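Listed below, chain by chain, are the residues.
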Amino acid sequence: MNKVCTHISHAGTATPHSSGCEECLRTGDSWVHLRLCLECGHVGCCDSSKNKHATKHFHATNHPVIQSIEPGEDWRWCYIDEVIAE
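Keep in mind that this is a model prediction, so the values were computed, not measured.

**What about the packing of aromatic side chains?**
Phase 1 of the analysis: For the structure on display, the rule yields 1 aromatic pair.
Phase 2 of the analysis: Consider the rings of phenylalanine 58 and tyrosine 79, whose centres lie 4.7 Å apart with planes at 10°: the pair is stacked. Of the two residues, phenylalanine 58 is situated in helix H2 (residues 53–61) and tyrosine 79 in the loop between strand S4 (76–78) and strand S5 (83–84); the sequence distance between them amounts to 21 residues.
Phase 3 of the analysis: Look at phenylalanine 58 and you get buried, because its relative accessible area is 10%.
Phase 4 of the analysis: Owing to a relative accessible area of 14%, tyrosine 79 belongs among the buried residues under this scheme.

**Digging into the environment of threonine 13**
Phase 1 of the analysis: Of note, threonine 13 is situated in the segment before helix H1 (22–27).
Phase 2 of the analysis: Judged by relative accessible area, threonine 13 falls into the exposed class, the value being 78%.
Phase 3 of the analysis: As for threonine 13 and cysteine 37, which are separated by 24 residues in sequence, their C-alpha atoms are 9.6 Å apart.

**Notes on the environment of cysteine 40**
Phase 1 of the analysis: On the secondary structure map, cysteine 40 appears in the loop between strand S1 (34–37) and strand S2 (43–45).
Phase 2 of the analysis: Residue cysteine 40 is classed as partly exposed on the basis of its relative accessible area of 28%.
Phase 3 of the analysis: C-alpha of cysteine 40 to C-alpha of tryptophan 77: the two residues are 37 residues apart in sequence and 15 Å apart in space.
Phase 4 of the analysis: Excluding its chain neighbours within four sequence positions, the residues that come into contact with cysteine 40 are Ala14, His17, His57 and His63.

**What about the sheet that holds S5?**
Phase 1 of the analysis: Taken in spatial order, the 5 strands of this open sheet run S2-S1-S3-S4-S5, and their pairing is antiparallel. This sheet does not close on itself; its edge strands, each paired only once, are S2 and S5.
Phase 2 of the analysis: The strands touched by H2 within the sheet are S1 and S2, with S2 carrying the most contacts at an inclination of about 120°.

**Thoughts on the environment of arginine 35**
Phase 1 of the analysis: Assignment of secondary structure puts arginine 35 in strand S1.
Phase 2 of the analysis: On the accessibility criterion, arginine 35 (10% relative accessible area) is buried.
Phase 3 of the analysis: Along the primary structure arginine 35 and cysteine 45 are separated by 10 residues, whereas in three dimensions their C-alpha atoms are 6.0 Å apart.
Phase 4 of the analysis: Once you skip the residues sitting within four places of it in the chain, arginine 35 turns out to touch His42, Val43, Gly44, Cys46, Ala54, Ile66, Gln67, Ser68, Ile69, Glu70, Glu73 and Trp75.
Phase 5 of the analysis: In this structure the side chain of arginine 35 is engaged in a polar contact, spanning 3.2 Å, whose partner is the side chain of serine 68.

Basis of the calculations
- Residues numbered from 1 in each chain as written.
- Predicted model: local features only at pLDDT ≥ 70, side-chain atom pairs only at ≥ 80, totals over all residues.
- Heavy atoms only, no water.
- Phe/Tyr/Trp six-rings, centres within 6.5 Å; stacked < 30°, edge-to-face > 60°.
- Helix = DSSP H or I, 4+ residues; strand = E, 2+ residues; numbered from the N terminus.
- Buried < 20%, exposed > 50% of the residue type's maximum accessible area, 1.4 Å probe, protein only.
- Contact = heavy atoms within 4.5 Å.
- Pairing = 2+ DSSP bridges.
- Axes fitted to C-alpha atoms, helices over the stretch in contact; angles between N-to-C directions.
- Polar contact = N/O pair within 3.5 Å; in protein donor to acceptor, adjacent residues only side chain to side chain.

Remember, this is a structural readout, not a statement about activity or role.
Okay, here's the thing in structure tokens:
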């Protein structure tokens, strides 16, 4: 049986707060890819980035669903269910 995201109702149409990782921009650091919190609009760096701010945002807020905001990517991820959110 395929696991399903049970938190997709938390995924809204959040507007990104910035054009880069919010925390990395404040500290002058760099990132690899960007993720958008679909509950509040926070933009954080991915887990391939050294700071992993998108995941840190989830742990701080419990906002479960993020979306890649990389050009050409159109997927969402649920941290709680650990599945592609559909």
